[in-house]
Amino acid sequence: LLPLQVPQCIVPSTKAALAVVCQRLAGEPATQIPVLGIAGLSGKTATQVLLANLLDAGGHNPALFGSRSYSDGFEAHPRKSFKTSPTRYAQWLANVVTNGCSHAVTTLPQQNVVNSAYAGVPMKALVLTGFPSETHKNTASPKIEKYLSRVLSEVADTGLIVANIDCPIVRNVI
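Here the structure is a predicted model, which means the values were calculated and not measured.

## A look at the nonpolar core
Formed by 30 residues in total, the largest nonpolar core has its most connected members in V35, Y89, W92, L93, L108, F131 and V151. The set of elements that each furnish at least two residues to this core consists of β1 (35-39), β2 (62-65), α3 (86-98), β6 (123-128), α6 (142-153) and α7 (168-173). Beyond its immediate chain neighbours, meaning those up to four positions away, Y89 contacts Q23, V35, F65, T84, T106, A117, Y118 and V121. Listed in part, the 6 residues of the second largest apolar core include L36, L55, A125 and V127.

## A word on the packing of aromatic side chains
Geometrically, a pair of aromatic rings is defined through the distance of the ring centres and the angle of the planes. Per the stated rule, a full pass over the model turns up 5 aromatic pairs. On the basis of an interplanar angle of 40° and a centroid distance of 5.9 Å, the ring pair of F65 and Y70 is categorised as tilted. The buried category is assigned to F65, whose relative accessible area is 2%. Each member of the aromatic cluster is reached from another via a ring pair, and the members are F65, Y70, Y89, W92 and Y118.

## A few points about the sheet that holds strand β4 (residues 76-78)
Spatially, 7 strands are ordered β4-β3-β2-β5-β1-β6-β7 in an open sheet, and the strand pairing comes out mixed. Where the open sheet ends on each side, the last strands, each with one partner, are β4 and β7 (155-163). Strand after strand, the sheet turns through a mean of 20° between neighbouring axes, direction not considered. Of the strands in this sheet, β1, β6 and β7 are in contact with α6, which crosses β6 at around 150°.

## Observations regarding the packing of helix α1 (residues 14-25) against α3
For the pair α1 and α3, the least separation of the axes is 9 Å and the interaxial angle reads 25°. Of the possible angle classes, the one that applies to α1 and α3 is roughly parallel. Here α1 runs over α3; the crossing is right-handed. In contact with L18, A19, C22 and Q23 of α1, α3 contributes P86, T87, Y89, A90 and L93. Across the contact of α1 with α3, the residue classes tally to 7 nonpolar, 2 polar and no charged.

How each quantity is defined
Residues numbered from 1 in each chain as written. Predicted model: local features only at pLDDT ≥ 70, side-chain atom pairs only at ≥ 80, totals over all residues. Heavy atoms only, no water. Core = buried A, V, L, I, M, F, W, Y, C linked by side-chain atoms within 4.5 Å. Buried < 20%, exposed > 50% of the residue type's maximum accessible area, 1.4 Å probe, protein only. Helix = DSSP H or I, 4+ residues; strand = E, 2+ residues; numbered from the N terminus. Contact = heavy atoms within 4.5 Å. Phe/Tyr/Trp six-rings, centres within 6.5 Å; stacked < 30°, edge-to-face > 60°. Pairing = 2+ DSSP bridges. Axes fitted to C-alpha atoms, helices over the stretch in contact; angles between N-to-C directions. Parallel < 35°, antiparallel > 145°, perpendicular 65-115°, else oblique. Left-handed = near helix turned anticlockwise from the far one by under 90°. Nonpolar A, V, L, I, M, F, W, Y, C, P; charged D, E, K, R; others polar.

Okay, here's the thing in structure tokens:
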């Protein structure tokens with residue numbers, strides 16, 4: 001502990017702790033709407049569009065949070081940056097709930113996952129796409145292992161994982 005006379009909270013990761021606090025301050029919106037995550041090094045956006053179209057065809061109203069754009073059920077916006085902050089993501093999820101969306105379909109870029117932007121958000125489903133730059137190795141690099149470990153840790157206890165087992169990296173993780 002620091003030699004100060006104030007309450008202190010020691011956490012293993014301040015980035016992950018910030019994300020959890022942001023979700024709590026936003027009213028824990030991920031507990032009110034199914035969050036579907038899509039992870040991988042390729043195919044995330046195409047998979048997100050496919051999932052959103054399937055949900056829409058089934059009479060649902062999905063919201064999208066992707067690398068190139070996002071929509072909260074009310075309006076759509078282009079993304080200026082691939083980087084996502086925990087505060088921005090928590091606020092987006094809260095807006096999605098307020099706007100009456102049925103699902104939140106989120107791409108999970110490696111940089112944002114490793115920086116804990118989605119910590120504290122239980123994913124109802126996780127789709128693992130491909131890892132083409134890693135395929136020739138048959139084993140994941142330490143960076144990819146960290147990415148996959150963090151992504152898999154965010155799947156809810158009753159969640160579903162859909163995996164591309166044609167990809168050796170995904171097959172070895174699952």
